[in-house]
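# Fold and contact review
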Amino acid sequence: MKSQTKARPASRGGRRLFARRSSAGESEERANGGRSGRASGLAFAFLSPGLAYLIVLLLVPLALVLSFTVFQRGRFGGIVYEFTTENFVRLIDPLYLSVVLNSLKIAGITTLIALLIGYPTAYFIAQLPRTWKTIALVAIVLPFWTNFIIRVYAWIMLLSGPGIVNSVLGTELELLYKDGAVVTGLLYSYLPLMVLPLYATIEKLDPQLREASANLGASAFTTFRKVTLPLTVPGVLTGCMFVFVPSFGNFVIPEMLGGGKSIMVGNLIRTEFLKARDWPFGSTLALALIAVLIVLLMIQSWAARRA
């Protein structure tokens, strides 16, 4: 009996202690919940301008363009809201397929040349002292500080018949209004987009890995092939996508440096919207362009994971 009576107060005290701890835990959970709610509200407040921008200026226009693909063109332009699949059938026409293949060829050549020039450039910049790195990177980005159209006009002056290039070479080559001029303009415009990702990847490499390879007797080429290049594959893939995507859809440079002779997908979409006023088929071409780019991005993501 004594032991039982002594145990009861202890059990009541334990219950009181447990109740205090439970109430303290509940109040702490409520405080944490309030803090997380305020943090979520603050995060939404910061994200809302960007979300509004994306919704109003990207998602809504994209949805409108995609909806136009299943309608017909009016007799005098515009849209007739009658369902049709003719726009997708026209995509496989040899005329339009040749434009897509030409765009892929020009964008691919531009990307390959940019990689061949950009990789050694990025590697050289990564080996410079810190001060010279900054100067070199500013020199790479400097063309972006000039208007895009002015830079393209500069190439027209350089490549035209009596231009500077022919004057220096002492020849009269027809350099303008050809695929080579288009590739040159695209390469000049987007080469920094290849150099910067490659520099960021190469600059992060641990130099001890290359030193270990050299200490094990590997030549400089073997070290590059088996150590440096595999570790920089993600930067290579990113730079290639940064150059290929805008080159594939560009229409200003083919129009100005190609003289309308090198027709690319961007020129075709522009013509369908602004000249032919065939918005449904122009929207279908834009959808096909987006689909191609999505597939390329998926391939790049898969290759980066494998690398």
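Before any of the text, the structure's been laid out above.
Presented here is a report on the structure given in the accompanying data block.

Analysis parameters
Residues numbered from 1 in each chain as written. Predicted model: local features only at pLDDT ≥ 70, side-chain atom pairs only at ≥ 80, totals over all residues. Heavy atoms only, no water. Axes fitted to C-alpha atoms, helices over the stretch in contact; angles between N-to-C directions. Helix = DSSP H or I, 4+ residues; strand = E, 2+ residues; numbered from the N terminus. Parallel < 35°, antiparallel > 145°, perpendicular 65-115°, else oblique. Left-handed = near helix turned anticlockwise from the far one by under 90°. Contact = heavy atoms within 4.5 Å. Nonpolar A, V, L, I, M, F, W, Y, C, P; charged D, E, K, R; others polar. Phe/Tyr/Trp six-rings, centres within 6.5 Å; stacked < 30°, edge-to-face > 60°. Buried < 20%, exposed > 50% of the residue type's maximum accessible area, 1.4 Å probe, protein only. Lys NZ or Arg CZ within 6 Å of the ring centre and 35° of its normal. Polar contact = N/O pair within 3.5 Å; in protein donor to acceptor, adjacent residues only side chain to side chain. 1 Å grid on protein atoms, 1.4 Å probe; cavity = no way out; pocket = protein on both sides within 12 Å on 5 of 7 lines; lining within 4 Å. Points joined across faces, edges and corners; volume = space filled by probe spheres on them.

### Some thoughts on the packing of helix α4 (residues 130–141) against helix α7 (residues 179–203)
- α7 packs onto α4 with a crossing angle of 155° between their chain directions and a minimal axis gap of 9 Å. Relative to α7, the element α4 is oriented roughly antiparallel. Considering the relative orientation of α4 and α7, their crossing is left-handed. Counting all contacts with α4, which are made through Lys133, Leu137, Ile140 and Val141, the residues of α7 involved are Pro192, Val195, Leu196, Tyr199 and Glu203.
- Considered class by class, the residues forming the contact of α4 with α7 number seven nonpolar, no polar and two charged.

### Some points on the environment of Phe83
- Tracing the backbone shows Phe83 in the loop between β2 (79–80) and α2 (86–90).
- Spatially, the C-alpha atoms of Phe83 and Gln72 are 7.0 Å apart, while their sequence positions differ by eleven residues.
- With residues up to four places along the chain from it excluded, the contact list for Phe83 reads Val70, Phe71 and Gln72.

### Focus: the packing of aromatic side chains
- One pass over the structure, following the stated rule, counts seven aromatic pairs.
- Ring centres of Tyr96 and Phe281 lie 4.8 Å apart, and the angle between their planes is 55°; this geometry places the pair in the tilted category. You can see Tyr96 sitting in helix α3 (residues 94–126) and its partner Phe281 sitting in helix α13 (residues 279–306), a full 185 residues away along the chain. Of the two residues examined, Tyr96 and Phe281, each falls in the buried class.
- Look at Tyr119 and Phe224: their rings are 5.6 Å apart centre to centre, the planes differ by 90°, and that puts the pair in the edge-to-face class. Taken together, the residues Tyr119 in helix α3 and Phe224 in helix α9 (residues 220–231) connect sequence positions 105 residues apart.
- Classification of Phe224 by relative accessible area gives partly exposed; the value is 28%.
- Taken together, the aromatic side chains of Phe68, Phe273 and Trp279 make up a single cluster linked through ring pairs.
- Sitting above the plane of the Phe281 ring, Arg90 keeps its charged end 3.9 Å from the centroid.

### Focus on the side chain of Thr111
- Tracing the backbone through its elements, the reader meets Thr111 in helix α3.
- At 2.7 Å, the side chain of Thr111 forms a polar contact with the backbone oxygen of Ala107.
- Once residues lying within four places of it in the same chain are set aside, the contact partners of Thr111 are Met194, Cys240, Val243 and Phe244.

### Concerning helix α12 (residues 265–274)
- Counted residue by residue, α12 has seven buried out of ten residues, so it is predominantly covered.
- All of the buried residues along α12 are Val265, Gly266, Asn267, Leu268, Ile269, Glu272 and Phe273.
- Buried residues belonging to α12 abut α3, α10 (233–249), α11 (252–257) and α13.

### Quick word on the layout of surface pockets
- Of the pockets and cavities examined, the largest pocket occupies roughly 220 Å³.
- Looking at the largest pocket, the residues that line it are Leu58, Pro61, Leu62, Val65, Ile269, Phe273, Ala286, Leu289 and Ile290.
- Among the elements of the structure, α1 (2–68), α12 and α13 are those that each provide at least two residues to the lining of the largest pocket.
- With four residues, α1 is the single largest residue contributor to the lining of the largest pocket.
- Tallied by class, residues from the lining of the largest pocket come to nine nonpolar, no polar and no charged.

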